[in-house]
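Remarks on the overall topology
In case you want the letters, here they are:
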Amino acid sequence: MESKKELRKRVKSLVKAMAPDARAVEASVVAERLLHHPKVQSATTVALFASLPDEIDTTQLIETLSSKSSVVLPRLSGDEMDFYPYSVDAMHSGAMGILEPDGDVPVAPQDIDVMILPGLAFTADGLRLGRGKGYYDRYMEREGFRAYTIGICHTVQLLDTLPVEQHDKGIDEVVISAN
């Protein structure tokens with residue numbers, strides 16, 4: 001089995017090789033599926049993420065969901081990640097050039113109903129390969145965390161197997177455009 005480092009490199013190449021319009025179509029289908037997902041529809045607070053170029057584009061999803069639910073986005077501080085309320089007028093470029101919300105008070109882990117996670121790769125049964133820093137794994141271990149977790153990715157990022165370590169946290173469900 002490939003190492004996590006080798007797998008990350010290979011999957012990034014697969015996503016980069018996708019035509020931009022194909023990536024946009026997949027992002028649109030994933031967004032529609034999430035907007036009609038029963039867990040998302042019943043959620044009061046949804047944790048999302050501001051996407052990087054090799055991730056499903058979440059821009060429109062954030063805008064649409066924020067008109068129906070409280071949307072929170074991550075902000076990094078050192079080795080920790082917290083979620084803050086999203087406001088289109090209160091965003092800044094943060095760690096790794098990712099858009100992060102302003103705000104003084106993070107949302108408590110127990111107040112998040114659904115968390116939609118990025119990943120470089122997933123398996124259909126909920127294994128996730130992140131970027132290697134462990135932010136989401138550590139967040140999901142926090143006291144009170146109870147959110148239903150949904151990973152989203154391009155179809156080329158859904159793999160049969162992934163290398164897993166003891167600290168890697170699984171997720172509840174993966175949504176792709178070809179489900």
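Before any of the text, the structure's been laid out above.
Calculation rules
Throughout this description, residue numbers start from 1 for each chain and increase along the sequence as written. Per-residue local features of the predicted model are confined to residues with pLDDT of at least 70, and side-chain atom pairs are confined, for both listing and counting, to 80 or more; whole-chain, interface and lining totals are unaffected and use all residues. Only heavy atoms go into the side-chain values, all of them from the structure, while hydrogens and water stay out. Any pair of Phe, Tyr and Trp rings, taking the six-membered ring for Trp, is counted once the centres come within 6.5 Å. Such a pair is stacked with planes under 30 degrees apart, edge-to-face with planes over 60 apart, and tilted for the rest. Helix and strand definitions here come from DSSP, where helices need a minimum of 4 consecutive H or I residues and strands a minimum of 2 consecutive E residues; each element is numbered from the N-terminal end. Exposure is judged per residue with a 1.4 Å probe applied to protein chains only, and the accessible area is read against the type maximum: over 50% gives exposed, under 20% gives buried, and values in between give partly exposed. Any two residues whose heavy atoms approach within 4.5 Å are treated as being in contact. Here a strand pair is declared whenever DSSP counts at least two bridges between the two strands. Axis angles are defined between N-to-C directions and span 0 to 180 degrees, where every axis is a line fitted to C-alpha atoms and, for a helix, only to the segment in contact.

**Describing the packing of aromatic side chains**
One pass over the full model with this rule turns up 3 aromatic pairs. The interplanar angle of 70° and the centroid separation of 5.0 Å between the aromatic rings of F83 and Y139 together place this pair among those described as edge-to-face. Of the two residues, F83 is situated in strand β3 (residues 80-85) and Y139 in helix α5 (residues 135-140); the sequence distance between them amounts to 56 residues. A relative accessible area of 1% means that Y139 is categorised as buried.

**Digging into the side chain of S177**
Assignment of secondary structure puts S177 in the segment after β11 (173-175). In this structure S177 touches E26, V29, V30, R33 and T155, once residues within four positions along its chain are discounted.

**Structural notes on the environment of A95**
Within the secondary structure, A95 sits in the loop between β4 (91-93) and β5 (99-101). By relative accessible area, which is 29% here, A95 ends up partly exposed. Put simply, A95 and S77 are 18 residues apart on the chain and 8.1 Å apart in space, counted from C-alpha to C-alpha. Excluding residues within four positions of it along the chain, A95 makes contact with L76 and E100.

**Observations regarding the environment of E32**
Mapped onto the elements of the fold, E32 is located in helix α2 (residues 20-35). Its relative accessible area of 41% is what places E32 among the partly exposed residues. Sequence separation between E32 and L162 is 130 residues, and the spatial gap between their C-alpha atoms is 27 Å.

**Considerations on the pairing of strand β9 (residues 148-152)**
Of all the 5 residues making up β9, 4 are buried; the element is thus mostly covered by neighbouring parts of the structure. Of the strand pairs in this sheet, strand β6 (residues 114-117) and β9 are connected by 4 bridges, and their pairing is parallel. By the bridge assignment for β9, V114 is matched with Y148. Sheet topology note: the β9/β11 ladder contains 3 bridges and is parallel. Across the sheet, residue I150 finds its bridge partner in β11, namely E173.

**Considering the sheet that holds strand β2 (residues 70-77)**
Strand order in the open sheet formed by 6 strands is β3-β2-β1-β6-β9-β11, with mixed pairing between adjacent strands. Sheet topology places β3 and β11 at the edges, where each strand pairs with a single neighbour. Put simply, the sheet's adjacent strands are angled 30° from each other on average, direction ignored.

**Overview of the sheet that holds strand β10 (residues 158-159)**
Reading across the sheet, the 3 strands line up as β8-β7-β10 and stay open at both edges, with mixed pairing between neighbours. Taken across any chain shown, the strands that pair with only one partner, and hence form the sheet edges, are β8 (128-129) and β10. The pairing of strand β7 (residues 121-123) with β8 spans 2 bridges and is classified as antiparallel. Paired with F122 across the bridge in β8 is R128.

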